[in-house]
Amino acid sequence: MLNHYQNNIMLDKTGIAKRIAKEVQDGYYVNLGIGIPTLVANYVREDIEVEFQSENGVLGMGPFPFEGEEDADVINAGKQTITTLPGASFFDSATSFSMIRGQHVDLTILGAMEVAENGDIANWKIPGRMVKGMGGAMDLVASAENIIVAMMHTNKRGESKLLEKCSLPLTGVGCVKKIVTNLAVIEVTEKGFKLLERAPGVSVQDIQNATEGKLIVEGDIPEMNL
Amino acid sequence: MISKKVNSVNEATLGIGDNMTFMFGGFGLSGIPENAIAALVKSGVKGLTCISNNAGVDDFGLGLLLHQRQIKKMISSYVGENDEFERQMLSGELDVELIPQGTLAERCRAAQAGFPAFYTPAGYGTEVAEGKETREFDGKMYVLENAFKADYGFVKAWKGDEAGNLVFKGTARNFNPNMCGAAKITVAEVEELVPVGTLDPNQIHIPGIFVQRIFQGEKYEKRIEQRTVRIKKD
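Nothing here was measured: the structure is a model prediction, and the numbers come from that model.

Thresholds applied
Residues numbered from 1 in each chain as written. Chains lettered and ligands numbered in written order. Predicted model: local features only at pLDDT ≥ 70, side-chain atom pairs only at ≥ 80, totals over all residues. Heavy atoms only, no water. Helix = DSSP H or I, 4+ residues; strand = E, 2+ residues; numbered from the N terminus. Rg over C-alpha atoms; globule rule 2.2 N^0.38 Å. Buried < 20%, exposed > 50% of the residue type's maximum accessible area, 1.4 Å probe, protein only. Contact = heavy atoms within 4.5 Å. Lys, Arg positive; Asp, Glu negative; His and termini not counted. Charge placed at Lys NZ, Arg CZ, Asp CG, Glu CD. Buried area = accessible area lost by both parts, 1.4 Å probe. Salt bridge = Lys/Arg side-chain N within 4 Å of Asp/Glu carboxyl O. Polar contact = N/O pair within 3.5 Å; in protein donor to acceptor, adjacent residues only side chain to side chain. Nonpolar A, V, L, I, M, F, W, Y, C, P; charged D, E, K, R; others polar. Pairing = 2+ DSSP bridges. Axes fitted to C-alpha atoms, helices over the stretch in contact; angles between N-to-C directions. Phe/Tyr/Trp six-rings, centres within 6.5 Å; stacked < 30°, edge-to-face > 60°. Lys NZ or Arg CZ within 6 Å of the ring centre and 35° of its normal.

With that settled, the discussion passes to the overall build of chain B. Each helix and strand counted, chain B has 6 helices and 11 strands in total. Its C-alpha atoms give chain B a radius of gyration of 18 Å, within 12% of the compact-globule value 17 Å for 234 residues. Seen through its C-alpha atoms, chain B measures out along the principal axes to roughly 55 × 50 × 40 Å. Taken over 234 residues, chain B has a buried fraction of 56%. In chain B, the share of contacts with a sequence separation of at least 24, taken over all contacts with a separation of at least 6, comes to 71%. Here chain B contributes 27 positive and 30 negative side-chain charges, whose respective centroids are spaced 4 Å apart.

Printed below as a string of structure tokens:
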């Protein structure tokens, strides 16, 4: 099924990260999940001030350290060694989740296995497989006002990840506001998935074919500007 | 000054026994109480319920206790990096309760602060909320979560003094401060036990009142789980 898109210029993971980076605004505190979301930090405009929060207890995360400068006491939520930028702070886990639960973090970007047209998200458990845990995902999705999901439009078997109803155990209910995939930018509305933008070279029909949930198409759908 | 100092990890772990509930600070392998874990392994206590965000790796951290089959139940938010853990979980030898990370932190803080329970939005509408009381506040749904009850809390700090005052470093802080005073007995191990009066009272992260025993830790390995670097361009 995915072969269908091979002649098009649909986005890779970097492209998804680049498009999401455009959603990051001046003065935002941002929490990035593991995977595609982590890449977003590389593409945020340089003329704006943004601070990245990691739920293990740091605000003001910088790039990875140079070799030989790693510090076992300074890591991100993916347990990778990191650095901090001027103005950074460290804090305990309860304070970290006070920032999240208390809605002091402006934007949360995370991956998903499934998103439903009512904004439900599933991203932590596949029954029958080893379950690693939800980490901070349930706290993040239940609390954040502004959640963007970064994911491929379809799974490895070519099945849509944008569904009428999630089939996997939920991480949170009615919480996703926007989805950026390799094919499209979609807003989650009360009526369903509203198509906002197409990836370069991808048609509305391509997106329709890859979307199981209700897709709302109104007027001309512009191509993403990367 | 009320002294909390004990002279060895053995003295610090006096009173531990089978079937107790222990808390362990740390995120991944960062900020874990390495000395206390080693002493628990050596002691052979078993049937433990362990509250810890993660479960270590195969040959370090709580993985050492798992390897000796000393743990009966784990309460964690993420347990991904440990094959022995996976084997025991799938075979049913190990009982695992996965809970949201912020809920885990807050259940520690609630115990520390004397709150029996609290409402959180995390997990509402998911299997985490099954069987729990839920309630609406201002149009949003919340789940009632209880404070933890534990026998011992094992934490690790960067610096501490005889009064039990603690200072943490970097993201090795994580759950450690939230677990201080959250169990019946809090055991703190420090990289550097400094003379009383050395630490600036303005800079103390955890006051000694939350700590019952403090000792100078030894031979910290401070392993890095995901060493990630960038290349220096000239």
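What follows is about the interface of chain B and chain A. Interface size is commonly expressed as the accessible surface area that is lost when the partners come together. Counting residues at the interface gives 51 residues for chain B, matched by 50 residues for chain A. Carbon and sulfur atoms supply 59% of the area buried between chain B and chain A, which totals about 4200 Å² over both sides. One can count 6 salt bridges joining chain B with chain A. Here Asp73(A) makes a salt bridge to Lys169(B), at a shortest N to O gap of 2.9 Å. The tally of links from chain B across to chain A stands at 30 residue pairs in polar contact (both at pLDDT 80 or more). Those elements that provide at least two residues to the side of chain B that touches chain A are helix H4 (83-90), helix H5 (101-113) and helix H6 (176-179) of chain B. At 6 residues, the largest contribution of residues to the side of chain B that touches chain A is made by H5(B). Among the residues forming the side of chain B that touches chain A, the class breakdown is 19 nonpolar, 18 polar and 14 charged.

Here we take up the sheet that holds strand S6 (residues 134-137) of chain B. Residue and element names in this part refer to chain B. With respect to topology, 3 strands assemble into an open sheet ordered S5-S7-S6, the strand pairing being antiparallel. The sheet terminates laterally at strand S5 (117-120) and S6, the two strands that pair on one side only. Across the sheet, the mean angle separating the axes of adjacent strands is 35° when strand polarity is ignored. In terms of strand pairing, S5 meets strand S7 (residues 140-146) through 4 bridges, oriented antiparallel. When the bridges of S7 are listed, Thr120 appears paired with Val143.

Let us now look at the packing of aromatic side chains. Per the counting criterion, the structure on display carries 7 aromatic pairs over all chains. Ring geometry for Phe24(B) versus Phe154(B): centroids 5.6 Å apart, planes at 25°, classification stacked. You can see Phe24(B) sitting in strand S1 (residues 21-24) and its partner Phe154(B) sitting in strand S8 (residues 152-161), a full 130 residues away along the chain. Here Phe24(B) falls in the buried class, since its relative accessible area comes to 1%. Judged by its relative accessible area of 0%, Phe154(B) is buried. Here Tyr152(B) and Phe154(B) contribute two aromatic rings whose centre-to-centre distance is 5.9 Å and whose plane-to-plane angle is 5°, an arrangement assigned as stacked. The exposure classification of Tyr152(B) matches that of Phe154(B), with both residues buried. These aromatic residues form a ring-pair network of at least three members: Phe22(B), Phe24(B), Tyr152(B) and Phe154(B). The residue whose ring lies beneath Arg223(B) is Phe60(B), and the NZ or CZ to ring-centre distance is 4.3 Å. Stacked on the ring of Phe66(A), the Lys or Arg Arg230(B) has its end atom at 3.9 Å from the ring centre.

This next bit is on the environment of Leu199(B). Residues and elements named next belong to chain B. Structurally, Leu199 can be placed in the loop between strand S10 (185-194) and strand S11 (213-216). Overall, Leu199 belongs to the buried group, its relative accessible area being 14%. In this structure, the C-alpha to C-alpha distance between Leu199 and Asn82, residues 117 residues apart in sequence, is 38 Å. Dropping the residues within four chain positions of it, Leu199 is found in contact with Lys159, Gly160, Asp161, Asn165, Val167, Val194 and Ile204.

Residue and element names in this part refer to chain A. Of note, Glu114 is situated in strand S6 (residues 114-116). Despite its burial, Glu114 pairs with no opposite charge, the nearest such side chain being Arg157 at 7.2 Å. Here Leu168 takes part through its backbone nitrogen, which lies 3.0 Å from a polar atom of the side chain of Glu114. When near neighbours in sequence (up to four residues on either side) are disregarded, Glu114 contacts Asp120, Ile121, Ala122, Lys161, Leu163, Cys166, Ser167 and Leu168.

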